[in-house]
Amino acid sequence: MTKNTQQQNTTLVLGGTGKTGRRVVERLTARGLPVRVGSRSGKPPFDWENQRTWGPALRDVTSVYVVYYPDLAFPGAVETVHSFVSRAVESGVRRLVLLSGRGEEEARLSERTVQESGVEWTIVRTSWFSQNFTEDYLLEPVLSGEIALPAKDVAEPFVDADDIADVAVAALTEDGHAGELYELTGPRLLTFADAAAEISKATGREIHYVPISVEEYVAGAVEHGIPAEYAVQLAKLFTTVLDGRNAHLSDGVQRALGREPRDFGDYARDAAATGVWNG
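Definitions and limits used
Residues numbered from 1 in each chain as written. Predicted model: local features only at pLDDT ≥ 70, side-chain atom pairs only at ≥ 80, totals over all residues. Heavy atoms only, no water. Phe/Tyr/Trp six-rings, centres within 6.5 Å; stacked < 30°, edge-to-face > 60°. Helix = DSSP H or I, 4+ residues; strand = E, 2+ residues; numbered from the N terminus. Buried < 20%, exposed > 50% of the residue type's maximum accessible area, 1.4 Å probe, protein only. Core = buried A, V, L, I, M, F, W, Y, C linked by side-chain atoms within 4.5 Å. Contact = heavy atoms within 4.5 Å.

**Section: the packing of aromatic side chains**
Tallied over the entire structure, the rule returns 19 aromatic pairs. With 5.6 Å between their ring centres and 80 degrees between their planes, W54 and F84 make a pair best called edge-to-face. On the criterion of sequence distance, the pair formed by W54 in helix 3 (residues 54-58) and F84 in helix 4 (residues 77-90) is long-range, its members being 30 residues apart. Note on W54: relative accessible area 0%, which makes it buried. Judged by centre distance (6.2 Å) and plane angle (50 degrees), the rings of F133 and F192 are tilted. Residue F133 is located in helix 6 (residues 132-135), and its partner F192 is located in helix 9 (residues 192-203); the two are separated by 59 residues in the primary sequence. Classification of F192 as buried rests on a relative accessible area of 1%. The rings of W128, F133, F158, F192, Y209, Y217, F238, F264, Y267 and W277 are connected pair by pair, giving a single aromatic cluster.

**A few points about the nonpolar core**
Among the nonpolar cores identified, the biggest contains 33 residues, and F133, I147, L149, F192, F264 and W277 are the most heavily contacted of them. Every element with two or more residues in this core is listed here: strand 6 (146-149), helix 9, helix 10 (214-223), helix 11 (228-241) and helix 13 (264-274). Considering each element in turn, this core owes the most residues, six residues, to helix 11. Leaving out residues up to four positions away in the same chain, L149 has contacts with L138, F192, Y209, V210, P211, I212, Y217 and F238.

Rendered as C-alpha cells:
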C-alpha cells in the first residue's frame with residue numbers, strides 16, 4: 001500500500017481514547033490500517049465543542065467511527081452530530097459508523113442524521129457497558145463495596161466493550177454491513193444486584209447493590225466532584241433507559257460477527273484477574 005493510498009483510507013475514531021474507541025484504534029492498528037485518534041489530545045486534536053478542530057481531523061479521512069461525548073441523549077447532541085455529519089460528507093467521508101444508545105429516544109434523531117447522510121452507514125446501538133464497572137464511574141463504588149444507583153431492580157443485558165469494538169471494526173472495514181442497525185446486548189439479563197453478585201464471586205469480596213433515589217444519586221455525584229448539570233443528565237438516563245424498556249435481548253452481535261456475545265461472568269473473572277478491583 002502506498003503512502004498516498006494510506007492517507008486516502010484513513011479511519012477517524014472519535015472518542016479514540018475512550019472505552020470503545022480505544023479498542024477500535026487498537027484493532028485497526030493491529031491490522032496495519034491507517035487510523036487517526038479523534039480526541040482533544042489527538043494529533044490533530046478533535047473537540048466536539050470546537051468546530052474549528054473538525055476540518056483538520058477529517059482531512060484525508062474516508063470512514064469515521066462516530067462516538068458523541070458525553071451522550072447522544074444530552075442537550076445539543078442532535079444538532080452537533082448533524083453539523084459534524086454534514087462536514088464529514090463534504091470532506092469526502094464515505095462510511096459512517098455511529099455508536100448509539102439502546103432505549104434513548106433522543107439518540108434516534110442522531111441515527112436518522114447518519115442514515116440520511118447519503119453515504120454508507122451502520123448503526124451500532126448498545127446496552128449498558130460491562131466496562132462501566134472497571135473503566136468508568138462505577139469503579140470507585142465497586143472498590144468501596146457498595147454500588148448505589150437509582151436503577152431499582154430492573155434487568156439490563158450488559159454488553160462487553162470488546163464485542164462493541166469488534167462489531168464497529170467489522171462495519172468500518174468490511175463489506176456487508178452498510179445499511180445495518182445492530183442492536184448489541186450480552187447473552188443474558190442481569191439486575192445491578194446480579195452484576196454485583198457476579199463481581200463478588202470473581203473477586204472474593206462482598207459487593208452490594210443499594211437502590212437509591214434520583215435525588216440521592218445526584219447529590220452524591222455532585223459531592224464527588226461531578227458537575228451538577230452533568231449529574232442531572234446522567235440521572236435522567238437511569239430513569240429512562242433503566243425503566244424496563246431494555247429488559248430484553250437482541251441478536252446484533254450474532255448478526256454482525258456470527259458468534260455469541262461475551263457473558264458478564266466472563267468479563268468479571270477477567271477483570272478481577274487484572275487486579276483492577278483490588279483497591
